[in-house]
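Chain by chain, the residues run as shown.
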Amino acid sequence: MEPQPLSEIWKERFDFYEQNGLPSQLSFRQALKTLKFGQRSRINFNFYAFFFGFVYFCILGLWKRGLLLFFIGCAINIAVAIVEMMTNQDLESVYRGMNMGYAFYCAITANVAYYLHRVKGVDTCNPAAGIIKKNTDYYISLPSNKY
């Protein structure tokens, strides 16, 4: 299946990652500080991933990562439900906080995940790929495909 052409926003994000590395690198953080707020949020945050979560990951072709994030979120919610039943307390605010954390994590990892998938050819279910410093060195050393 032929990949769809990229929009200008994706090209801008991918060019930024090519020039400055991934979010766990110092060069990325320094270059991000020089951008205006709107540019910074386009590079660092994906609003579609925030609102649609694992469905958006599946649409991008990142179904392994999306489903793993979904199942982790479900497991955490089930654990909170068990604690809620055992302690006989109302933990509605904990549910909301956990689900907001899930949405934010999806939003901040979607751009990097799609870059790794589309440009570097990395198809992993690791939800922290490219975000945590320990994993970053391997992904940077991979050859890039021009998008």
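See above for the structure.
Every value quoted in this text rests on a predicted model; they were computed, and no experiment measured them.

### Looking at the packing of helix H3 (residues 37-44) against helix H7 (residues 92-118)
In the contact formed by H3 and H7, the axes pass within 7 Å of each other and the chain directions differ by 80°. In terms of axis orientation, H3 runs roughly perpendicular to H7. Here H3 contributes Arg42, Ile43 and Asn44 to the contact with H7, which in turn contributes Ala107, Ile108 and Asn111. When the residues that make up the contact of H3 with H7 are grouped by side-chain class, the tally is three nonpolar, two polar and one charged.

### Structural notes on the nonpolar core
In this structure, Phe14 and Tyr17 are the most contacted members of the largest nonpolar core, which totals 26 residues. Elements supplying a minimum of two residues to this core: helix H1 (8-20), helix H2 (26-33), helix H5 (54-60) and H7. The element that contributes the greatest number of residues to this core is H7, accounting for seven residues. Not counting residues within four places of it along the chain, the set of residues in contact with Tyr17 comprises Phe28, Ile43, Asn111, Val112 and Tyr115.

### Observations regarding the packing of aromatic side chains
The description of an aromatic ring pair uses the distance of the two centres, along with the angle that the planes make with each other. Evaluation of the coordinates by the stated rule reveals 15 aromatic pairs. Arranged with centres 5.8 Å apart and planes meeting at 40°, the rings of Phe45 and Phe50 form a pair that is tilted. Of the two residues, Phe45 and Phe50, neither departs from the other in class, the shared state being buried. Every member of this aromatic cluster is reached through a ring pair, and the members are Trp10, Phe14, Phe16, Tyr17, Phe28, Tyr114 and Tyr115. If you follow Arg13 out to its NZ or CZ, it ends over the ring of Trp10, 4.5 Å from the centre.

### Description of the pattern of salt bridges
Within the structure shown, the criterion is met by four salt bridges. Note that Lys11 is salt-bridged to Glu8, the shortest N-O span being 3.8 Å. Of this pair, Lys11 and Glu8 both sit in helix H1, three residues apart, which is roughly one turn of the helix. With relative accessibility at 59%, the residue Glu8 sits in the exposed group. Here Glu12 ties to Arg42 by a salt bridge, and the two come within 3.3 Å at their closest N and O atoms.

### Description of a nonpolar patch on the surface
On the surface, a nonpolar cluster with roughly 720 Å² of combined accessible area is contributed by Phe47, Tyr48, Phe51, Phe52, Val55 and Ile59. Of the residues forming the nonpolar patch, the biggest block, four residues, is contributed by helix H4 (residues 47-52). Positionally, Ile59 belongs in helix H5.

### Side note on H2
Buried residues of H2: Phe28, Ala31 and Leu32, and no others. Along the axis of H2, the buried positions cluster into a sector of 100°, meaning they face one direction only. Opposite its buried face, H2 presents the exposed residues Leu26 and Lys33, each directed more than 90 degrees away.

### Things to note about the environment of Tyr105
On the secondary structure map, Tyr105 appears in helix H7. You can call Tyr105 partly exposed: its relative accessible area is 27%. Put simply, Tyr105 and Leu69 are 36 residues apart on the chain and 9.1 Å apart in space, counted from C-alpha to C-alpha. Filtering out sequence-adjacent residues up to four positions away, Tyr105 remains in contact with Leu69, Pro127 and Ala128.

The rules behind the values
- Residues numbered from 1 in each chain as written.
- Predicted model: local features only at pLDDT ≥ 70, side-chain atom pairs only at ≥ 80, totals over all residues.
- Heavy atoms only, no water.
- Axes fitted to C-alpha atoms, helices over the stretch in contact; angles between N-to-C directions.
- Helix = DSSP H or I, 4+ residues; strand = E, 2+ residues; numbered from the N terminus.
- Parallel < 35°, antiparallel > 145°, perpendicular 65-115°, else oblique.
- Contact = heavy atoms within 4.5 Å.
- Nonpolar A, V, L, I, M, F, W, Y, C, P; charged D, E, K, R; others polar.
- Core = buried A, V, L, I, M, F, W, Y, C linked by side-chain atoms within 4.5 Å.
- Buried < 20%, exposed > 50% of the residue type's maximum accessible area, 1.4 Å probe, protein only.
- Phe/Tyr/Trp six-rings, centres within 6.5 Å; stacked < 30°, edge-to-face > 60°.
- Lys NZ or Arg CZ within 6 Å of the ring centre and 35° of its normal.
- Salt bridge = Lys/Arg side-chain N within 4 Å of Asp/Glu carboxyl O.
- Patch = residues over 30% accessible without salt bridge, like charges linked within 9 Å, V, L, I, M, F, W, Y side chains within 5 Å.
- Areas by Shrake-Rupley, 256 points an atom, 1.4 Å probe, with all protein chains shown as cover.
- Arc of directions from axis to C-beta.

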